[in-house]
Every structure is written in C-alpha cells, then in structure tokens.
Amino acid sequence: MIKLSKSSVGKEEKAALSRVISNSYLGMGPEVELFEKELKDYIKTSKKVIAVSSGTAALHLSLQACDINSNHEVLVPSITYVASFQAITASGATPVPCDIDIDTGFIDILDAKKRLSSKTRAIMPVHYASNADQMGKVYEFAKKNNLRVIEDAAHSFGSYFDKYMVGHKGDIICFSFDGIKNITCGEGGAILTGDKKVFSKLRDIRLLGVKGDSARRYSKTRSWQFDVEEQGWRYHLSDLFAAMGREQLKKIDSFKDKRKKVVESYIYNLKKIDGLQLLKINYENNHQHIFPLRVLNKQRDKLKKYLEEKSIQTGFHYQPNHLLSKFKTKYRLKNSEIFGEEILSLPLHPELTKKDINHVINSIKSFFD
Ligand SMILES: *Cc1c(COP(=O)(O)O)cnc(C)c1O
C-alpha cells in the first residue's frame, strides 16, 4: 500500500530517545527548553515560543490566553480538521464556520465579514495545504474589527509567507508536530507570540496554572509552594517528545526537498487532466504537508476507490465541519460543501519513491482514459 502520509524517523530519533531515557528524567525539562530555542532560531523570529503537547492544545491555550470564553465567538473556515473546532469549544467559545475560497481552500474574508457579531473576538485562519499567502487580508480584516488572530499553522511548518517563514510575524501562531505533520515529536505542538502578557499566561496554563513552574522544570526541579490564578491544563511537552522533535528539526531541509519533488511531479503530470482541478496556490513558498486536488464531475469517490484497488491510499481534507452534528449551522456554505465533495488528497510524505510517484500518476491517468 502506498500511504497517504507517514512519519519519517530513523536511528537519530531512536538515539535521542534513548539518551533521554538514560537521563531518567522524562517530564518537561531541558530538552523542551532547547527545542523551543531551536524552533525560534529556525524561524528567525523575535517571538517567544511555547512547546505544548499537541496542535489542538496550542489552539485551545491560545484562545484562553486571549481571554476568549463562553461569551465569545470565533470565526473559522468550515474546511479544516475538526481539531480547530474542538479547540474553540474547549475554550467555551462558539465556533462560527465561514466559507472558503474554492481555488485555495483558504477562509473567504468576504464571507467571514458577514458572520461578524458583537461577540466576535477572534479569527482562526487555517494555512490550508501549507498556504499562508492570503494572511495579509486576514490581518487587515482583524485590525479593522479589533479581533485577535490565532493562526492554525498545523500544515505550514517550514512554509514561507511574505519572504518570512510562517511564525516570524503575526499575532499568535500555532503549529502541530503530530505523527504525520511536516516534522513530528510523536505528538506535540508549539505556540509563537510576541505578546508578553499572552506568553506569560501560556507558560503557566500549559502546566496546571502553577505560576513560574516552567523555569523550574527546565532545570529539572519543580515548585512546592506556588500560586495559581487561572484554569490550567496538563498540555506541556515531555523531554522525550522534545528530543524527538529536535532531531526532526535537523532533517527539515531534506524533508522539504523530498516533498517538493513529489509535488513538482504531481503538478507537471496532472495539470492537463480535464477532470482534475489543482489548487491555485503558490507551491514555491510551501513546505507542502498535503496535496489535495479537486476531482470534478462527481468522479471523486470513484477515483478514490479505483486508486485503493491499485494499493494507493488517498484522503479527504476535509469534510465541512458545519455539516457535523456538533457544529451544524442554520446557513449553507456553498464553496465548502462543493469542496468537501470534490477534494481528494494524494500520497505525500518524504519516503515516497520515484516508483510510487509514477504509480500514482499512471493510475490517475488510466482512470481518466
Ligand atoms: C493536525 C491539525 C491540527 C491539530 O494538531 P494535533 O497536533 O493533531 O492536535 C489542527 N488543525 C489542522 C488543520 C491540522 O491539520
């Protein structure tokens, strides 16, 4: 089976895990502090970095750190992983699904504008398929309407926006390092922000709200006498996961090259097929996490089945969230609904071989012939 996505880990990660195990300190400690510093250096940002246990935790904590709660609404594109929606409801706030631009899968700001209310406090744009090109428009809109921007950058670690790496600038940026993302900790995430107040809250609420505990944990101690001001969570990263992430970060250029080659091959070979519509995004800027394309004329499910028979795994990124029972809206979102029925993601990970890629391309061509 050619897998849709897959982590790429090897002896370096094994050695790092075994080094941490030998130190017999597995909690949040010096590896986490180093991982945060190395993330900051990689992105070349003046922002602060907080490592956490998942991308979902990163989003949830960011909302809480902005004082967003059950009195508030958050604008979010319907086309995203359910994690974005669950993070919003975890904070108590109500997710307000917005439509997308059908060419890119990115949130449609004109639609978002229609959904503003007196309760709207934030917008959570998703860098769908690693693309952050339209973030300028989001910030313009947010500024005009006094909204916080919490970027769901789960797809775009290592992508560029406006000549800078994603995370270099912006309000609050959340990454995911789960098992199949651009780099992995096994499970993990990170938050970047330049807002000192938000940062200081985040550091405490990722670890049960124990004030000042992060600094002590970095030197392998902990607090016995402390104050707690806020609801906190056990959303910190352990040294084991951080050690793994540090090794992955060293390999990122090679991951990026390999993903780029697959993407170039797909684009070159599939762009002329009539029944397919590629996304209109600037692949050049991206560290491409997924490769979704639209299958026109209601052929998507047939193509998926055909590829499955040829041992090729594909996926749907994503079903529209506003159609799920928990998040159902009274209004329709036309583009999201079309997108949800047409979108199909092809295999993309660093370990695909030339033979795999050719098999995917030839199978798609033979389907349309
Ligand atoms: C993976 C993902 C998340 C959640 O990250 P986890 O680390 O899996 O919790 C959120 N949003 C999007 C778009 C994702 O792809």
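Just so you know, these numbers come straight off a predicted model, no measurement behind them.

Considering the site of the ligand
- The ligand sits among 16 residues. The nearest are Gly55, Thr56, Asp152, Ser176 and Lys181.
- Within the side chain of Asp152, a nitrogen or oxygen atom sits 2.7 Å from a nitrogen atom of the ligand.
- One nitrogen or oxygen atom from the side chain of Lys181 is found 3.2 Å from an oxygen atom belonging to the ligand.
- Starting from 370 Å² of accessible surface for the ligand in isolation, the protein chains cover 93%.

Description of the nonpolar core
- The biggest cluster of nonpolar side chains holds 42 residues, and the ones touching the most others in it are Ile123, Phe157, Phe175 and Phe177.
- Broken down by element, the residue count for this core peaks at five residues, all from helix H2 (residues 30-43).
- Those residues in contact with Ile123, other than ones at most four positions away along the chain, are Leu75, Ile107, Ile109, Val138, Phe141, Ala142, Leu147, Arg148, Val149 and Ile150.

Focus on the pattern of salt bridges
- Per the stated rule, a full pass over the model turns up 27 salt bridges.
- In this structure, Glu12 engages Lys11 in a salt bridge whose closest nitrogen and oxygen atoms are separated by 3.6 Å.
- Here Lys11 falls in the exposed class, since its relative accessible area comes to 67%.
- Sharing partners across several salt bridges, the network here consists of Lys11, Glu12, Glu13 and Lys251.

Re the side chain of Thr45
- When you line up the elements, Thr45 lands in the loop between H2 and strand E1 (48-52).
- Judged by relative accessible area, which is 7%, Thr45 ranks as buried.
- Here Lys47 takes part through its backbone nitrogen, which lies 2.9 Å from a polar atom of the side chain of Thr45.
- With residues up to four places along the chain from it excluded, the contact list for Thr45 reads Lys40, Gly167, His168 and Leu192.

Looking at the packing of aromatic side chains
- For the structure on display, the rule yields 13 aromatic pairs.
- Aromatic rings pair up to connect Phe35, Tyr42, Phe157, Phe175 and Phe177 into one cluster.
- The ring of Trp224 has Arg222 lying over it, and the distance from NZ or CZ to the ring centre is 4.4 Å.

A short note on the pairing of strand E5 (residues 148-152)
- Of all the five residues making up E5, four are buried; the element is thus mostly covered by neighbouring parts of the structure.
- Sheet topology places strand E4 (residues 120-123) next to E5; two bridges connect them, and they run parallel. Bridge pairing in E5 links Ile123 to Val149.
- Crossover handedness for the path E4 to helix H6 (residues 135-145) to E5: right-handed.
- Judged from the three bridges that link them, E5 and strand E8 (residues 172-176) form a sheet pairing that is parallel.

Quick look at the packing of helix H11 (residues 300-309) against helix H13 (residues 354-368)
- Interaxial distance between H11 and H13 falls to 10 Å at its minimum, and their mutual angle equals 130°. Judged on the interaxial angle alone, H13 and H11 are oblique. Crossing hand, H11 versus H13: right-handed. In this structure, H11 uses Lys302, Leu303, Tyr306 and Leu307 to contact H13, whose residues at the interface are Ser363, Ile364, Ser366, Phe367 and Phe368.

With respect to the side chain of Lys256
- By the element assignment, Lys256 lies in helix H10 (residues 252-270).
- For the buried residue Lys256, which engages in no salt bridge, the nearest side chain bearing the opposite charge is Asp253, 5.6 Å off.

Things to note about the confidence of the model for the chain
- Model confidence for the chain is summarised by a mean pLDDT of 97, while 100% of its residues fall at 70 or above.
- By mean pLDDT, helix H8 (residues 213-218) is the weakest element of the chain at 92, and strand E2 (residues 73-77) is the strongest at 99.

Considering the sheet that holds E5
- Here we have seven strands laid out as an open sheet, ordered E1-E9-E8-E5-E4-E2-E3, and mixed in their pairing. Of all strands in the sheet, those bounded by a partner on one side alone are E1 and strand E3 (94-98). Sheet twist, expressed as the average angle between the axes of neighbouring strands with direction ignored, equals 25°.
- In terms of strand pairing, E2 meets E4 through three bridges, oriented parallel. Following the sheet pairing, Leu75 is matched in E4 by Ile123.
- Those strands touched by helix H7 (residues 196-205) are E1, E5, E8 and strand E9 (189-193), and its axis lies near 25° from that of E1.

As for the sheet that holds strand E12 (residues 343-346)
- Strand order across the open sheet formed by three strands is E10-E11-E12, with antiparallel pairing between neighbours. Each of the sheet's edge strands pairs with one partner strand only, and the pair in question is strand E10 (276-278) and E12. If you compare each strand with its neighbour and ignore which way they point, the axes differ by 40° on average.
- As paired strands, strand E11 (residues 291-295) and E12 are joined by four bridges and run antiparallel to one another. Counted as the bridge partner of Arg294 is Ile343 from E12.
- The sheet strands contacting H10 are E10, E11 and E12, and the helix crosses E11 at an angle near 20°.

Description of the environment of His168
- One can find His168 in the loop between strand E7 (164-165) and E8.
- Sequence spacing of His168 and Tyr81 is 87 residues, and the spatial spacing of their C-alpha atoms is 24 Å.
- For His168, the residues in contact, after removing those within four places along its chain, are Ile43, Lys44, Thr45 and Lys47.

Parameters and conventions
Residues numbered from 1 in each chain as written. Predicted model: local features only at pLDDT ≥ 70, side-chain atom pairs only at ≥ 80, totals over all residues. Heavy atoms only, no water. Near = heavy atom within 4 Å. Polar contact = N/O pair within 3.5 Å; in protein donor to acceptor, adjacent residues only side chain to side chain. Areas by Shrake-Rupley, 256 points an atom, 1.4 Å probe, with all protein chains shown as cover. Core = buried A, V, L, I, M, F, W, Y, C linked by side-chain atoms within 4.5 Å. Buried < 20%, exposed > 50% of the residue type's maximum accessible area, 1.4 Å probe, protein only. Helix = DSSP H or I, 4+ residues; strand = E, 2+ residues; numbered from the N terminus. Contact = heavy atoms within 4.5 Å. Salt bridge = Lys/Arg side-chain N within 4 Å of Asp/Glu carboxyl O. Phe/Tyr/Trp six-rings, centres within 6.5 Å; stacked < 30°, edge-to-face > 60°. Lys NZ or Arg CZ within 6 Å of the ring centre and 35° of its normal. Pairing = 2+ DSSP bridges. Right-handed = clockwise from strand over helix to strand, strands pointing away. Axes fitted to C-alpha atoms, helices over the stretch in contact; angles between N-to-C directions. Parallel < 35°, antiparallel > 145°, perpendicular 65-115°, else oblique. Left-handed = near helix turned anticlockwise from the far one by under 90°. Lys, Arg positive; Asp, Glu negative; His and termini not counted. pLDDT = per-residue confidence, 0-100.

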